[in-house]
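Topology and contacts: notes
As a plain string of letters, each chain reads:
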Amino acid sequence: MSIIIKTPDEIERMRIACRLAADVLDYIEPFVQPGITTEELDRLCHDFMVKEQGCVPAPLNYAPSGYKPYPKSICTSINHQVCHGIPGPKPLKKGDIVNLDITVIKDGFHGDTSRMFIVGGEGSILAKRLCQITYESMWLGIAQVKPGAQLGDIGHAVQQHAEQAGFSVVREFCGHGIGRKFHEEPQVVHYGRPGTGATLKEGMIFTIEPMINAGKAAISELPDGWTIVTKDRSLSAQWEHTVVVTANGVEVLTCSPKAPPVPECVAKVPNLIVSRFDA
Ligand code: MF3
Ligand code: CO
Ligand code: CO
């Protein structure tokens, strides 16, 4: 078992899958309003992926060992839900924070990305700060990516920023290699020490997707077998991009016109390519 290095042709196919996943988030954004149910968001995304994009929604019936098949096409994690929330009949309320996590399969390759949405545009000061710090943490992790850097450099950058803000990093779930399979090696944990872990090489593709809790790091699983919540019921946020290690830096594959810009706290990243913001 080892980390797959993608060929230029495979990277091009990943660019396409990843951009399509980001486009689903752009598409669904205006629908994320008070009163809509997450089941309705799932249906809208499902139909967009299948009918407009000619994609397969990767979560639908996804069944890693030890799990029953995931029943929906997207993940919707609200407030104290950390990840893998199953869309359901409960309407969103003004001030809720919700993560929408989209993974599409196109031409045999997976694109995986998620964003936070503040329902009705107005959340509590804490909710807004948690979403912002988590977004910055993801980008500080991305900024570490280049050939020769190590996975621990990414984890450390994420952890440092989240904990400095008084928040905590979820340990049990992590970023992952991605390509022909949804979850490949390596595991990209969001904590650690610089100069530790696998060394990055040109052509590796993986996600960075920190889950950050406003309270303690501990989580529990709901009886549905999928939904993860914070044990102390504190708010949790997550953002996710898929990235490829380039010859001298990093290319972010899951940007699209409505993806928020690179945050200001991320000092100029040398050799950053954001395949995106236009067209
Ligand atoms: N998209 C999630 C990730 O980022 C995985 C969801 S698995 C599912 O890795 F089955 F819940 F969809
Ligand atoms: Co992922
Ligand atoms: Co995801």
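Provided above is the structure to which this section pertains.
Reference entry: report on the structure contained in this document. Small disclaimer: the values here were computed from a predicted structure and weren't measured.

When four donors bind a metal tetrahedrally, each ideal donor-metal-donor angle is 109.5 degrees, and when six bind octahedrally, the ideal angles are 90 or 180 degrees. Only Asp 112 (OD), His 176 (NE2), Glu 209 (OE) and Glu 240 (OE) from the protein reach the cobalt ion (ligand 2) as donors, at distances of 2.0 to 2.2 Å. Coordination at the cobalt ion (ligand 2) comes from 6 donor atoms whose angles at the metal span 51 to 162°, giving a geometry best classed as irregular. Counting gaps between the donor residues of the cobalt ion (ligand 2) yields the pattern D-x63-H-x32-E-x30-E. If you look at the cobalt ion (ligand 2) and the cobalt ion (ligand 3), they sit 3.3 Å from each other and are both ligated by Asp 112. Here Asp 112, found in strand E5 (residues 109-118), pairs with Glu 240, found in the loop between strand E13 (236-238) and strand E14 (241-245); they are 128 residues apart in sequence, far enough to count as distant.

What follows covers the environment of Ile 154. The topology assignment puts Ile 154 in helix H4 (residues 151-164). Distance from Ile 154 to Gly 192, taken between C-alpha atoms, is 8.0 Å for residues 38 residues apart in sequence. With residues up to four places along the chain from it excluded, the contact list for Ile 154 reads Gly 141, Gln 144, Val 145, Val 188, Leu 200, Phe 206 and Ile 208.

What follows deals with unusual backbone geometry. With an omega dihedral of 0°, the bond running from Glu 185 to Pro 186 counts as a cis peptide bond. Unusually for a residue other than glycine, Asn 79 sits at a positive phi of about 55°. For Asn 79, the position within the fold is in the loop between strand E2 (75-78) and strand E3 (81-83). In this structure, Asp 107 is a non-glycine residue whose phi angle is positive, near 55°. Among the secondary structure elements, Asp 107 is positioned in the loop between strand E4 (97-106) and E5. Given a relative accessible area of 48%, Asp 107 falls into the partly exposed group.

Across the sheet, which stays open at both edges, the 3 strands sit in the order E3-E12-E11 with antiparallel pairing between neighbours. Either end of the sheet is taken by a strand with one partner, and the two such strands are E3 and strand E11 (219-221). With direction set aside, neighbouring strand axes in the sheet form an average angle of 40°. Note: E3 against strand E12 (residues 228-230), 2 bridges, orientation antiparallel.

What counts and what doesn't
- Residues numbered from 1 in each chain as written.
- Chains lettered and ligands numbered in written order.
- Predicted model: local features only at pLDDT ≥ 70, side-chain atom pairs only at ≥ 80, totals over all residues.
- Heavy atoms only, no water.
- Donors = N, O, S within 2.8 Å, 3.2 Å for Na, K, Ca; no water.
- Tetrahedral: all angles 85-135°; square planar, octahedral: opposite > 155°, others 65-115°.
- Helix = DSSP H or I, 4+ residues; strand = E, 2+ residues; numbered from the N terminus.
- Contact = heavy atoms within 4.5 Å.
- Buried < 20%, exposed > 50% of the residue type's maximum accessible area, 1.4 Å probe, protein only.
- Pairing = 2+ DSSP bridges.
- Axes fitted to C-alpha atoms, helices over the stretch in contact; angles between N-to-C directions.

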